[in-house]
Amino acid sequence: MSDQLSQITEHYREILLGLGEDPEREGLLDTPKRAAKAMQYLCRGYQQTLDEIVNGALFASDNDEMVIVRDVELYSLCEHHLLPFIGKAHVAYIPTGKVLGLSKVARIVDMYARRLQIQENLTRQIAEAIQSVTNAAGVAVVIEAQHMCMMMRGVEKQNSVMNTSVMLGAFRESVNTRQEFLQLIARSK
């Protein structure tokens, strides 16, 4: 077991003790290690870089029309409570000579989602990453998500959905471009 995994495992054991549980009882014997492995997996975005994710998958293209990838599912952890938020991202960009490999959009969403986050920052990070990689004329990202920290604790509102958006370049400057994007993603619901 790696030092990092061992440390996280021990911390989960201490959490169980702090909750008044017995980490030696049958049902909890392997829980600290399983929880540590799960947390490492859920936060694997810290081990990834944008260059590694994109891996050169930019392709020459004459297309200068909007490219949209809708309904990219995402799973993240709220940095305030370490509880999940789950939703989908809609990502669009207007190419300027190069297009990004389709799966790379989803991988970029995933890389940033797999870090402790707030949804507002996640939306901006995805938009700025797409802009940085593609040098697009504009980038738009909308995220719709449900937050377990709001559903399971606190106000306990089961049907609340948070929407965030970031518009860069042509999507910010042109009402028509922004409106076209928003109409196209509205059809996906």
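Residues numbered from 1 in each chain as written. Predicted model: local features only at pLDDT ≥ 70, side-chain atom pairs only at ≥ 80, totals over all residues. Heavy atoms only, no water.

- As annotated in an unreviewed UniProt entry, the protein chain is GTP cyclohydrolase 1 from Pseudomonas oryzae.
- Heading Pathway (unreviewed entry) of the UniProt record for the protein chain holds this comment: "Cofactor biosynthesis; 7,8-dihydroneopterin triphosphate biosynthesis; 7,8-dihydroneopterin triphosphate from GTP: step 1/1."
- The protein chain has a UniProt comment under Sequence similarities (unreviewed entry) that states "Belongs to the GTP cyclohydrolase I family." (UniProt positions renumbered as here; feature names shortened; annotations may be inferred.)

### Structural notes on the UniProt feature "binding site: Zn(2+)" (unreviewed entry) in the protein chain
- Feature annotation in UniProt assigns "binding site: Zn(2+)" (unreviewed entry) to the following positions: Cys78, His81 and Cys149. Spatial clustering of the annotated residues is evident: they stretch over 72 residues in sequence, but the largest pairwise C-alpha distance comes to 7.6 Å.
- Inspection of the secondary structure assignment puts Cys78 in strand E2 (residues 67-78).
- Beyond its immediate sequence surroundings of up to four residues, Cys78 is in contact with Leu83, Phe85, Gln117 and Cys149.
- As for its placement among the helices and strands, His81 is situated in the loop between E2 and strand E3 (84-94).
- Each residue touching His81, except ones within four places of it in the same chain, is listed here: Cys149 and Arg153. (Helix = DSSP H or I, 4+ residues; strand = E, 2+ residues; numbered from the N terminus. Contact = heavy atoms within 4.5 Å.)

### Describing the UniProt feature "domain: GTP cyclohydrolase I" (unreviewed entry) in the protein chain
- Taken from the UniProt record, the annotation "domain: GTP cyclohydrolase I" (unreviewed entry) applies to residues 8-185.
- Between the C-alpha atoms that bound residues 8-185 the distance is 40 Å, and the span itself is 42% helix and 28% strand.

### Some words on the domain arrangement of the protein chain
- By the assigned domains, the protein chain splits into domain 1 (1-44) and domain 2 (56-186).
- Taking the mean C-alpha position of each, domain 1 and domain 2 sit 32 Å from one another.
- Counting residues at the interface gives 5 residues for domain 1, matched by 5 residues for domain 2.
- For the domain 1 and domain 2 pair, buried surface summed over both sides reaches about 490 Å², with 60% attributable to carbon and sulfur atoms.
- The largest contributions to the domain 1 side of the interface with domain 2 come from Leu42, Cys43 and Arg44, which together make up 79% of the buried area.
- The interface formed by domain 1 and domain 2 includes 1 salt bridge.
- Asp110 serves as the salt-bridge partner of Arg44, at 3.1 Å between the closest nitrogen and oxygen.
- On inspection of domain 1 and its partner domain 2, the count reaches 1 residue pair in polar contact (both at pLDDT 80 or more). (Domains from an automatic or database assignment. Buried area = accessible area lost by both parts, 1.4 Å probe. Salt bridge = Lys/Arg side-chain N within 4 Å of Asp/Glu carboxyl O. Polar contact = N/O pair within 3.5 Å; in protein donor to acceptor, adjacent residues only side chain to side chain.)

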